[in-house]
Amino acid sequence: MGSGTALVLGGGGLTGVGWECGILYGLARAGVDLTTADLVVGTSAGSVVGAQLTSGRLTARELYERQLGDPVGELPARLGAGLIARYALAVLRSREATAYRRRVGALALAADTGSEAERRTVLEGRLVSHAWPERRLVVTAVDALTGDLRAFDKDGGSGLVDAVSASCAVPGVWPPVTVGGRRFIDGGVRSATNADLAAGHDRVVVLAPIARGTALVPAPSAQAARLRAAGARVLLITPSAAARKAFGRNVLDPARRDPAARAGLAQAAELAEAAEAVWTG
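Computed from a predicted model, the values in this text were never measured in an experiment.

Chemist: Got a minute to help me understand the pairing of strand β2 (residues 39–43) in this structure?
Modeler: Walk down a regular strand and you will see the side chains alternate between the two sheet faces. Most of β2 is tucked away, with 5 of its 5 residues classed as buried. The side-chain alternation of β2 yields two buried faces, one formed by Leu39, Val41 and Thr43 and the other by Val40 and Gly42. The sheet contact formed by strand β1 (residues 5–9) and β2 spans 4 bridges and is parallel. Along β2, the bridge assignment pairs Leu7 with Val40. Viewed along the sheet, the connection from β1 through helix α1 (residues 13–29) into β2 turns out right-handed. Strand direction decides the pairing type here: β2 and strand β3 (residues 136–143), joined by 5 bridges, are parallel. Paired with Thr43 across the two strands is Thr140, which belongs to β3.

So this is what it looks like as C-alpha cells:
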C-alpha cells in the first residue's frame, strides 16, 4: 500500500456538480478539508468540480456559492427514455465491458448532438482556470472508437478544457470531443467514479452522485470495496434521500444545480465524523 490522500469525484450531471460542491463545503465547514487531497480524480461532473477545486483560485465556500442562483450560460438537456433504452440495449448486446463502451461510442458518433465548439464554450465558462493545476488532477474519458479509458493529466499533452469537455460528453446528448485526433466520450461510460485510479493511496474519499452500476459498468461500491481490500481507508459518499429528491428527474437540468448544492451542504453535517476518521485518522 502506498501513502497519501485521494479525492474521487464521480459523474452525475449538473445536479452532481452542485451536490459535490455542497458536500465539499459542508465538510470543510465541519473541519474536514478534502481540498488538500494529493490526488483528485474527476469523471464527467466530477471533472468540472475537480478542475475548479485544484485551480487554487476558489475556496470550498466560493466553489459552493458558484452553484447557487441562476445558471447563466448552461444549455438545458435531457436523458430521454429512448436514449436510456439504447444504453440498455447496448448492455444486452455486449458480453464484456470494452465491447459495451464501443457500442455506446458508436451511438455517440452517429448522434446529431450539435456543435462541438459550442459545447466547449459552455465548459470553458464553468472553469475558473484553463490551465492544468500543479496539483495532481486526473480527468477520465473513453475513446469512442476503441472503448479504452483515457486518463488525462497535465503531462498528457492535452488542454484542460478539452479534457473536461471530453469527460462531460454524455453519449447521445453532447457531441464527442476531439483531442489529439481521437474522439472521446464521457468517462462515466466506464465507471460512475473510476475510483480504481486512486489505487496506491491509503486514504480515499469517493463522492458518487450516481451510486448504481451494472454488470459492465462497476458500481462505486464495488470499486470502493477493492480499494479497501488493498488496504486503503475508504469513505464512499452517495446522495441521501433528500438529495435525490433535490436532483429531480433530470440531472442535466441547470435549474436543479442550486437545490442539489444545498442538499449536499445539508447532508455533509451527517458525514463529518466518518470523513475525519478516513482523512486524518
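Chemist: When you look at the pattern of salt bridges in this model, what are you seeing that I'm missing?
Modeler: Where charged atoms from two side chains of opposite charge come close, those side chains can pair. One pass over the structure, following the stated rule, counts 10 salt bridges. One salt bridge in this structure joins Arg182 and Asp143, with 3.0 Å as the shortest N-O distance. Remark: Asp143 occurs in strand β3 and Arg182 occurs in strand β6 (residues 182–186); sequence separation between them is 39 residues. Residue Asp143 is classed as buried on the basis of its relative accessible area of 8%. Residues participating in the shared-partner salt-bridge network are Arg120, Glu124 and Asp162.

Here is what the cut-offs are and how they apply
Residues numbered from 1 in each chain as written. Predicted model: local features only at pLDDT ≥ 70, side-chain atom pairs only at ≥ 80, totals over all residues. Heavy atoms only, no water. Buried < 20%, exposed > 50% of the residue type's maximum accessible area, 1.4 Å probe, protein only. Helix = DSSP H or I, 4+ residues; strand = E, 2+ residues; numbered from the N terminus. Pairing = 2+ DSSP bridges. Right-handed = clockwise from strand over helix to strand, strands pointing away. Salt bridge = Lys/Arg side-chain N within 4 Å of Asp/Glu carboxyl O.

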